[in-house]
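Reading the structure
Here are the chains, one letter per residue:
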Amino acid sequence: PYSGAPWNLNEQWQILQIPAWDIVDWVLLEIRDASSATNAGSNTIIARQPAFLKSDGTITALNGVSKPQFNITVAHNLYVVIYHRNHLPVMSSGGLTLSGNTYSWDFTNGARCV
């Protein structure tokens, strides 16, 4: 669903079938590298990729199991924007939390969303 404007993702992200029964929709993840949420505008985008939204609210890579992975270099803080084709996008209000090699953000606490 993100192959057209304004996203224009290429065929690299095509899949032939939905890989798991608990997938309920597509989302587009966008990673931004900025010093603050205020500065995390469209000019700070460093990566994008489609992903699946599961019925429990988690997001997986297109295989339906793994966490989405990005091959990026981080200079400041990472912010994630989640796009849904029928809703307004949401961006993390703070830099993503790093634990081991995994960055994460919990959108279930509404006070932390912008």
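We now turn to the structure provided with this report. It should be emphasised that the depicted structure is a prediction, and the values quoted were computed from it without experimental measurement. (Residues numbered from 1 in each chain as written. Predicted model: local features only at pLDDT ≥ 70, side-chain atom pairs only at ≥ 80, totals over all residues. Heavy atoms only, no water.)

Re the layout of surface pockets
Space left empty within the atom packing is revealed by a probe, the size of a water molecule, rolled over the atoms. Of the pockets and cavities examined, the largest pocket occupies roughly 980 Å³. Around the largest pocket, the lining is made up of 30 residues, and of these Leu29, Ile59, Pro68, Tyr103 and Ser104 lie nearest the centre. At the level of secondary structure, the elements contributing two or more residues to the lining of the largest pocket comprise strand E1 (23-34), strand E4 (77-84), strand E5 (87-91) and strand E7 (102-104). If one sorts the elements of the lining of the largest pocket by residue count, E4 sits on top with five residues. Looking at the lining of the largest pocket residue by residue, the classes come out as 19 nonpolar, nine polar and two charged. Taken as a whole, the second largest pocket encloses approximately 160 Å³ of empty space. Along the wall of the second largest pocket there are ten residues; nearest its centre are Pro1, Tyr2, Ser3, Trp13 and Gln14. (1 Å grid on protein atoms, 1.4 Å probe; cavity = no way out; pocket = protein on both sides within 12 Å on 5 of 7 lines; lining within 4 Å. Points joined across faces, edges and corners; volume = space filled by probe spheres on them. Helix = DSSP H or I, 4+ residues; strand = E, 2+ residues; numbered from the N terminus. Nonpolar A, V, L, I, M, F, W, Y, C, P; charged D, E, K, R; others polar.)

Section: the pattern of salt bridges
Opposite charge on two side chains makes pairing possible when the charged atoms of those side chains draw close. Per the stated rule, a full pass over the model turns up four salt bridges. With its nearest N and O atoms 3.3 Å apart, the salt bridge here joins lysine 54 to aspartate 22. Separated by 32 residues along the polypeptide, lysine 54 in strand E2 (residues 45-54) and aspartate 22 in the segment before E1 bring together distant segments of the chain. According to the relative accessible area criterion, aspartate 22 is buried, its value standing at 14%. Across the salt bridge formed by arginine 48 and glutamate 30, the nearest N and O atoms sit 2.7 Å from each other. With arginine 48 in strand E2 and glutamate 30 in strand E1, this pair connects stretches of sequence that are 18 residues apart. Look at glutamate 30 and you get buried, because its relative accessible area is 0%. (Salt bridge = Lys/Arg side-chain N within 4 Å of Asp/Glu carboxyl O. Buried < 20%, exposed > 50% of the residue type's maximum accessible area, 1.4 Å probe, protein only.)

Considering the packing of aromatic side chains
Applying the stated criterion across every chain yields a total of two aromatic pairs. Taken together, a centroid distance of 4.9 Å and an interplanar angle of 50° make the contact between tryptophan 26 and phenylalanine 52 tilted. In this pair, tryptophan 26 sits in strand E1 while phenylalanine 52 sits in strand E2, placing the two residues 26 residues apart along the sequence. Note on accessibility: tryptophan 26 and phenylalanine 52 belong to one class, buried. (Phe/Tyr/Trp six-rings, centres within 6.5 Å; stacked < 30°, edge-to-face > 60°.)

Some words on the pairing of E4
The element E4 is extensively covered by neighbouring structure, given that seven of its eight residues are classed as buried. As judged from the seven bridges shared by E1 and E4, these two strands associate in the antiparallel manner. What sits directly across from aspartate 33, in E4, is leucine 78. Across three bridges, E4 lies against E5 in antiparallel orientation. Counterpart to isoleucine 82 in the pairing with E5 is valine 90. Where E4 folds back onto E5 in an antiparallel hairpin, the turn is made up of two residues. (Pairing = 2+ DSSP bridges.)

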